[in-house]
Amino acid sequence: MKENPLRIGALVSGGGTNLQAVLDACAGGRIPGRVVFVGSDNPEAHGLTRAKNAGIPTFVTDYGRILAERRRDPASHPAPPDWDQDQALARQGIAKGSGAARFLASRAACEAALLEAMSPWPFDLLVLAGFMRLLSPYLMDRVSPDPFRPRIMNIHPAILPAFPGTDGYGDTFRHGCKVGGCTVHFVDYGEDSGPIIGQRAFPILPADDLESVKKKGLALEWELYPECMRLFAEGRLAVEANETGRRIVKILPERGTP
Ligand code: GAR
């Protein structure tokens, strides 16, 4: 492994099969990096057990508990002192006075706790591996403030920009798509809208059901996510604005190749 391996922080909410793929790829040298912490919003996430088994530090920021306590008593977990609501709404292109403000403030309260929990472990890249909570501008601005040097990655179970949200394979299958897939992208202020790094597709055949679609998709996720992390570690992901103004990822050739 090279001298300064990529320091990867990971967030999970559930089973953590993608996390496992990342841990295995680091151990096998397919990612020149190491996972420095695994955090979760869910105390029951099996991904935490996978991390512990690999000797990786873990923590839980229990969003469910924080949000329930906040609903009973907003002062129990206030929005952090450096929370700027108007700026956050503007970042997401949302008009003032909408219900989104309360939602974002509650996320910022959780994210302040999350950032505090992450603080012992400096990292180069934060990967969302089945982390089922939206990131608000509060966390984005503190972890990945430069849109041309993003450092948060997500894996999504659909061929974006189709089917953003929480049930990519379900939405793909119920739509009657004949192809499904997965996408790795950098995270921006929107929902599953950031610059796309890599995608894989698979056919959906008449004999398929939702379970088999998920199985095919996950198998591709486990290949794609480590590949994208390797490209990041090698400094081969360049974010540029194209002629439409959209930020896209250009994959640079391996060093030494034309
Ligand atoms: C994966 O299919 C991942 O793409 C999806 O959750 C699953 C997590 O599985 N992520 C999202 O839907 C994010 N919006 P895992 O816990 O076994 O890696």
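This report concerns the structure included in the present document. Keep in mind that this is a model prediction, so the values were computed, not measured.

**As for the pairing of strand β2 (residues 33-40)**
On any regular strand, side chains alternate: one points to one face of the sheet, the next to the other face. Taking burial as the measure, the eight residues of β2 include seven buried ones, the bulk of the element. Where strand β1 (residues 6-12) and β2 come together, seven bridges link them in parallel fashion. Each bridged residue has a counterpart across the sheet, and for L11 the counterpart in β2 is G39. Following the chain from β1 across helix α1 (residues 17-27) to the adjacent parallel β2, one finds a crossover that is right-handed. Across three bridges, the pairing between β2 and strand β3 (residues 58-60) is parallel.

**A few points about the site of the ligand**
Close contacts around the ligand come from 13 residues, with G16, T17, N18, P157 and E221 the closest. The contact in question runs from an oxygen atom of the ligand to an N or O atom on the side chain of T17, over 2.6 Å. Here E221 contributes a side-chain N or O atom positioned 2.9 Å from an oxygen atom of the ligand. Protein contact buries 85% of the 450 Å² of open area that the ligand shows by itself. Those elements that provide at least two residues to the shell around the ligand are α1, β5 (152-156) and α8 (210-233). Split into classes, the residues belonging to the shell around the ligand amount to five nonpolar, seven polar and one charged.

**Some details on the sheet that holds strand β6 (residues 179-186)**
The strand order β3-β2-β1-β4-β5-β6-β7 describes an open sheet built from seven strands, whose pairing is mixed. One side of each edge strand has no neighbouring strand; the edge strands of this open sheet are β3 and β7 (196-203). The sheet shows a mean angle of 20 degrees between the axes of neighbouring strands, direction not considered. On top of the sheet, helix α2 (residues 46-53) reaches β1, β2 and β3; it is set at about 155 degrees to β3, its chief contact. Taken strand by strand, α8 contacts β1, β4 (125-128), β5, β6 and β7, and its axis lies near 155 degrees from that of β7.

Conventions used here
Along each chain, the written sequence defines residue order, and numbers are assigned to residues from 1. For a predicted model such as this one, the threshold for reporting local features is a pLDDT of at least 70, and the threshold for listing and counting side-chain atom pairs is 80 or more; totals across whole chains, interfaces and linings nevertheless cover every residue. Note that water and hydrogens are dropped before the side-chain values are worked out from all heavy atoms of the structure. Only protein chains enter the accessibility calculation, which uses a 1.4 Å probe; a residue is then buried when its area is under 20% of its type maximum, exposed when over 50%, and partly exposed in between. In this text, helices come from DSSP runs of H or I with a minimum length of four residues, and strands from runs of E with a minimum of two, each type numbered from the N-terminal end. Any two strands with at least two DSSP-identified bridges between them are counted as paired. The handedness rule is simple: strands pointing away from the viewer, and a clockwise path from the first strand over the helix to the second, make the crossover right-handed. For this purpose, a residue is taken to be near a molecule or strand whenever a single non-hydrogen atom of the residue falls within 4 Å of it. Here a polar contact means two N or O atoms within 3.5 Å. Within protein one must be a hydrogen donor candidate and the other an acceptor candidate, and residues neighboring in sequence count only if both atoms are side-chain atoms. Only the protein chains shown count as cover for residues, and all accessible areas are computed by the Shrake-Rupley method using a 1.4 Å probe. The residue classification treats Ala, Val, Leu, Ile, Met, Phe, Trp, Tyr, Cys and Pro as nonpolar and Asp, Glu, Lys and Arg as charged. All others, Gly included, are polar. A fitted line through C-alpha atoms represents every axis, and for helices the fit uses only the stretch in contact; the resulting angles, taken between N-to-C directions, go from 0 to 180 degrees. The contact criterion used is simple: two residues touch if any of their non-hydrogen atoms lie within 4.5 Å.

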